[in-house]
Amino acid sequence: MALTYNNMKKQHSVLLCFFFILSHFALEFKPVLAQTTSPAFACDVANNPGVKNFGFCDVSLDVSARVNDLVKRLTLEEKITMLVNTAGSVSRLGIPKYEWWSEALHGISYTGPGVKFNGVVPGATSFPQPILTSASFNETLFETIGKAVSTEARAMYNVGLAGLTYWSPNVNIYRDPRWGRGQETPGEDPTLASKYGVAYVKGLQQRDDGKKDMLKVASCCKHYTAYDVDDWKGIQRYNFNAKVTQQDLDDTFNPPFKSCVVDGNVASVMCSYNQVNGKPTCGDHDLLAGVIRGQWKLNGYIVTDCDSLNEIYWAQHYTKTPEETAALSLNSGLDLNCGSWLGKYTQGAVNQGLVNESVIDRAVSNNFATLMRLGFFDGDPKNHAYGSLGPKDVCSPEHQELAREAARQGIVLLKNSAGSLPLSPKSIKSLAVIGPNANVGYTMIGSYEGTPCKLTTPLQGLNASVATVYHPGCFNASVSCDPALADDAKKIAAAADAVVLVMGSDQSVERESKDRVNITLPGQQSLLITEVASVSKGPVILVIMSGGGMDVQFAVDNPKVTSIVWIGFPGEDGGGALADIIFGYYNPSGRLPMTWYPQSYADKVDMTNMNMRADPKTGFPGRSYRFYNGPTVFNFGDGLSYSNYKHHLVQAPKYVSIPLEEGHACRSTRCKSIDAVNEQSCSNLGYDIHLRVKNVGKMSGSHTVFLFTSPPSVHNAPQKHLLEFQKIHLTPQSEGIVKFKLDVCKHLSVVDEVGNKKVALGLHVLHIGDLKHSLTVRI
């Protein structure tokens, strides 16, 4: 968000430096004396008895009636103050100021001004970055993390340190491996991103008392839409025009947002900085009022990315005056502006006849309705649900263990030669731990971070089990390695029973406002790895800490590098989770949520080419496992275990017949597909798929079962597409049944060239575990 790197840049840089130093010591944050403050809320009857006569304070009325009463009482000037993230107060009505901008991407974050840490609450649980959590392919975990985060949010709100509206999660598709913000996302697949978004939103929003229209905290799915270029070779997100086909928009980029709204009932959607096909997303009536509000029926508010309206005017030169910009956004369906633009220019837009007050009423009504659902207008929160939460509920032992468990479930074992992992803590007398990320705790947190409860580095995690000898291998532990230090690293490696190399990237390589050009390991890391491996006498485990994939083909091919482990940015206890995997206390089950490409891909493909599908005419190879069929380093879904699992197909249909009404065109004409939305004959066609899974290994473990399909080659369909996934835990030699419910219209449909969903007729090849099954759809 622009304000993060403009207004708050200096403050954030100081915090970065502070935690960089602190991370070397993995200190736990101890409370110091500090005074608590009260949360912001309206309708404080105890201290302002007059407000009990206001209809908007009457909890017996429904939300709509309360909102209507409130809006009627406001002047235009007062309404305008409610259109920006730092919303104004209306003292005559007992309404205090409210800050809408808080962040909770993977824990409560200080990125937005709505959150403060102090001696009362010095830190919050820092879970892994979403790219690693999504690698668990565990929907229950996604939601459980959301619940923990919302509990900590409510606890901090109750002592005046946080708000109730959180602009998370990021459900953009990780389209290109160079994108700096890929670490914030659930990966490249729209099914995974959709399921992650829905589960995390439910975890944040759903209350325990069953009141479905009320919110624990309000979530926001961002950044809508086709947003994934930040700053690549000087091309910036603020004025980038994403040229996207309707097919790619509806097939790839929009499904996670649709799922957030339709299935997750998310309270907000954030529009992005960029343009889509020549129109700024925050000023596109079709995208906002037409799709989000109209087709998907959003029950909530639409908010800009921070300073987006500034960029429409100053960077994109899309409008001629500031007032036109304000009117364009409001008339397009926008409700809230992160920034000050609408506060400055809406009155002028009204005066010039560019926007009607009724449009402003709609916007503030959507904003107020969200606050109503949060209980903001119900009086003192201490008297309502979650009012008893406080500092004791932040960084609780249960939440900190969940952070470690999330990292364990997400960590992906990518290579494992015989005799390598897991290491035996009893037989390893000396473990060499080498690399720039081996003892830097803050790097594990990633972006959109908060102050963590604690930091356990890989070195500290490993040292808890065996004696270690450490060397950064690089000057000042910078990820841009200095080869002159390799000799010292080689000495300790040669003397050790095993070597763990902790390499990868950090926020200096990939982050918001910084895309990569190279997808190889930074600096001289590859040389350091090769030289250390050449002198090592025992297993050499390469650990990659990064948000995006890396071209590590040299290590894949090097027999001296016996294991490769990817740990993303694993959160506050990433070092402990890594040790659990390394020493076999935990059986790895993570699977890659994105394709790892070779550097040749980055050299060949223009990052600004938004097409997903390959184009043989131009040599464009396509993107993601769904459309790309070139060389890879690792594939989407790759991941090893310390156990082996066997699959046996118990039940699956071979044919599916779709009944058509008399006179249907496809009865007399050969059709390649039929409509998947409006066909009555297509609805409620469900079939069961049962798979028996057996753990034939010696260690208990969890196993992810994927259900993919390769549909018929119609409408330029994906070559392979993830339909569902499930995780099953099995003890050694035990077996269990995984059941999938196959819905024909939902699962066997493809998006045609103009964005319509069609059921493809003909042969579908289902990939279930490591098995293939042919299924013919006919009429």
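Conventions and cut-offs
- Residues numbered from 1 in each chain as written.
- Predicted model: local features only at pLDDT ≥ 70, side-chain atom pairs only at ≥ 80, totals over all residues.
- Heavy atoms only, no water.
- Pairing = 2+ DSSP bridges.
- Helix = DSSP H or I, 4+ residues; strand = E, 2+ residues; numbered from the N terminus.
- Phe/Tyr/Trp six-rings, centres within 6.5 Å; stacked < 30°, edge-to-face > 60°.
- Domains from an automatic or database assignment.
- Buried < 20%, exposed > 50% of the residue type's maximum accessible area, 1.4 Å probe, protein only.
- Disulfide = S-S within 2.5 Å.
- Expected span 1.5 Å × (residues − 1).
- Axes fitted to C-alpha atoms, helices over the stretch in contact; angles between N-to-C directions.
- UniProt positions renumbered as here; feature names shortened; annotations may be inferred.
- Core = buried A, V, L, I, M, F, W, Y, C linked by side-chain atoms within 4.5 Å.
- Contact = heavy atoms within 4.5 Å.
- Salt bridge = Lys/Arg side-chain N within 4 Å of Asp/Glu carboxyl O.

*Asks:* Can you lay out the sheet that holds strand 9 (residues 279–280) for me, pointing to particular residues and giving the numbers?
*Replies:* Spatially, 3 strands are ordered 6-8-9 in an open sheet, and the strand pairing comes out mixed. With partners counted over all chains shown, the strands left at the sheet margins are strand 6 (241–242) and strand 9, one partner each. One ladder, built from 2 bridges, connects strand 8 (residues 275–276) with strand 9; its direction is antiparallel. Of the residues in strand 9, the one forming a bridge with Val 276 is Lys 279.

*Asks:* Any details on the packing of aromatic side chains? Residues and values, ideally.
*Replies:* Applying the stated rule across the entire model yields 31 aromatic pairs. On the numbers, 4.9 Å between centres and 80° between planes, the contact of Tyr 313 with Trp 314 is edge-to-face. Between the aromatic rings of Trp 341 and Tyr 345, the centroid separation amounts to 4.7 Å while the plane-to-plane angle is 55°, which identifies the pairing as tilted. Taken as a pair, Trp 341 and Tyr 345 lie in helix 13 (residues 341–351) at a separation of 4 residues, close to a single helical turn. Among the aromatic residues, those joined into a ring-pair cluster are Phe 54, Phe 56, Tyr 98, Trp 100, Tyr 301, Phe 368, Phe 376 and Phe 377.

*Asks:* Can you tell me about the domain arrangement of the chain, naming the residues and giving the values?
*Replies:* Accessible area lost when the parts come together is the quantity often used to give the size of an interface. The domain boundaries assigned to the chain delineate domain 1 (73–102 + 220–244 + 262–364), domain 2 (412–603) and domain 3 (645–777). A separation of 39 Å is found between the C-alpha centroids of domain 1 and domain 3.

*Asks:* Tell me about the pairing of strand 11 (residues 412–416), and name the residues and values.
*Replies:* Among the 5 residues in strand 11, 4 count as buried, and that is most of the element. Sheet analysis places strand 11 next to strand 16 (residues 563–566), joined by 4 bridges and oriented antiparallel. Bridging across to strand 16, Leu 413 finds its partner in Val 565.

*Asks:* An account of the state of the cysteines is requested, with residue identities and associated values reported.
*Replies:* Taken as a whole, this structure holds 7 disulfides when the rule is applied. Here Cys 395 is linked by a disulfide to Cys 453, with a sulfur-sulfur distance of 1.9 Å. Handedness of the Cys 395-Cys 453 disulfide follows from its S-S torsion of about -90°: it is left-handed. Placement of Cys 395 in the loop between helix 14 (357–373) and helix 15 (397–410) and of Cys 453 in the loop between strand 12 (431–434) and helix 16 (458–463) is noted, with a sequence separation of 58 residues between them. Take Cys 395: its relative accessible area is 17%, and that puts it in the buried class. Residue Cys 474 pairs covalently with Cys 481 via a disulfide, S to S 1.9 Å. Judged by the sign of its S-S torsion, about 45°, the bond between Cys 474 and Cys 481 is right-handed.

*Asks:* With reference to specific residues and values, describe helix 14.
*Replies:* For helix 14, which comprises 17 residues, the first-to-last C-alpha distance of 24 Å matches the rise-based estimate of 24 Å (1.5 Å per residue) to within 8%. With 13 of 17 residues buried, helix 14 is to be regarded as a mostly interior element. Looking one or two residues beyond helix 14, the residue adopting positive phi is Gly 375, at roughly 85°.

*Asks:* Any chance you could break down the sheet that holds strand 23 (residues 735–743) for me, citing the residues and the numbers?
*Replies:* Pairing within the open sheet is antiparallel, and its 3 strands lie in the order 17-20-23. Since the sheet does not close on itself, it has two edges, and those belong to strand 17 (645–651) and strand 23, each with one partner. For this sheet the average axis-to-axis angle between neighbouring strands, irrespective of direction, equals 25°. Strand direction decides the pairing type here: strand 20 (residues 686–695) and strand 23, joined by 9 bridges, are antiparallel. The partner of His 690 across the bridge, within strand 23, is Lys 739.

*Asks:* Summarise the UniProt feature "domain: Fibronectin type III-like" (unreviewed entry) in the chain; cite the residues concerned and give the values.
*Replies:* Residues annotated by UniProt as "domain: Fibronectin type III-like" (unreviewed entry) correspond here to residues 703–772. Summarising residues 703–772: 6% helix, 61% strand, and an end-to-end C-alpha distance of 18 Å.

*Asks:* Describe helix 7 (residues 190–205), naming the residues involved and giving the relevant values.
*Replies:* Along its 16 residues, helix 7 runs 22 Å from first to last C-alpha, staying within 8% of the 22 Å computed at 1.5 Å per residue. Of all 16 residues in helix 7, 15 are buried; the element is thus mostly enclosed.

*Asks:* Give me the nonpolar core: which residues, what numbers.
*Replies:* Membership of the largest hydrophobic core comes to 163 residues, with the highest contact counts inside it found for Phe 56, Trp 167, Phe 377, Leu 431, Ile 434, Trp 566 and Trp 596. Among the elements that line this core, the one with the most residues is helix 14, at 8 residues. No fewer than three residues from each of domain 1 (73–102 + 220–244 + 262–364) and domain 2 (412–603) sit in this core. Not counting residues up to four positions away in its chain, the partners in contact with Phe 377 are Ala 42, Cys 43, Phe 56, Cys 57, Arg 66, Leu 70, Ile 95, Phe 368, Leu 371 and Met 372. Membership of the second largest hydrophobic core comes to 40 residues, among which are Val 121, Phe 142, Leu 402 and Ala 406.

*Asks:* Before we move on, could you go through the environment of Gly 187 and cite the residues and values that matter?
*Replies:* Examined against the element boundaries, Gly 187 turns out to sit in the loop between helix 6 (139–158) and helix 7. Residue class for Gly 187 comes out buried when judged on its relative accessible area of 0%. Beyond its immediate stretch of four places on either side in the chain, Gly 187 contacts Ile 131, Ser 134, Asn 172, Ile 173, Tyr 174 and Pro 593.

*Asks:* Tell me about the pattern of salt bridges, and name the residues and values.
*Replies:* Following the criterion strictly, the structure yields 32 salt bridges and no others. With its nearest N and O atoms 3.0 Å apart, the salt bridge here joins Asp 378 to Arg 66. Taken together, the residues span a long stretch of sequence, with Asp 378 in the loop between helix 14 and helix 15 and Arg 66 in helix 3 (residues 63–73) at a distance of 312 residues. Notably, a salt bridge pairs Asp 573 with Lys 454, separated by 3.7 Å at the nearest N-O pair. Linking Asp 573 in the loop between strand 16 and helix 20 (574–582) with Lys 454 in the loop between strand 12 and helix 16, this pair joins segments that are 119 residues apart in sequence. Residue Asp 573 is classed as buried on the basis of its relative accessible area, which comes to 3%. The buried category is assigned to Lys 454, whose relative accessible area is 17%.

*Asks:* So what's going on with the environment of Lys 739? Which residues, and what values?
*Replies:* Looking at the secondary structure, you find Lys 739 in strand 23. Lys 739 sits 271 residues away from Thr 468 along the chain, and the two C-alpha atoms are 45 Å apart. Not counting the four nearest positions on each side in its chain, Lys 739 is found in contact with Ile 689, His 690 and Gln 726.

*Asks:* Please set out the pairing of strand 21 (residues 701–710) residue by residue, giving values where relevant.
*Replies:* Within strand 21, 10 of the 10 residues are buried, which leaves the element mostly enclosed by the surrounding structure. The alternating pattern of strand 21 places Gly 701, His 703, Val 705, Leu 707 and Thr 709 and Ser 702, Thr 704, Phe 706, Phe 708 and Ser 710 on opposite faces, both of which are buried. As defined by bridge partners, strand 21 adjoins strand 22 (residues 721–730) across 9 bridges and the pair is classed as antiparallel. By the bridge assignment, His 703 is partnered in strand 22 with Ile 728. Here strand 21 pairs with strand 26 (residues 762–768) via 4 bridges, running antiparallel. In the strand pairing of strand 26, Ser 710 is matched with Val 765.

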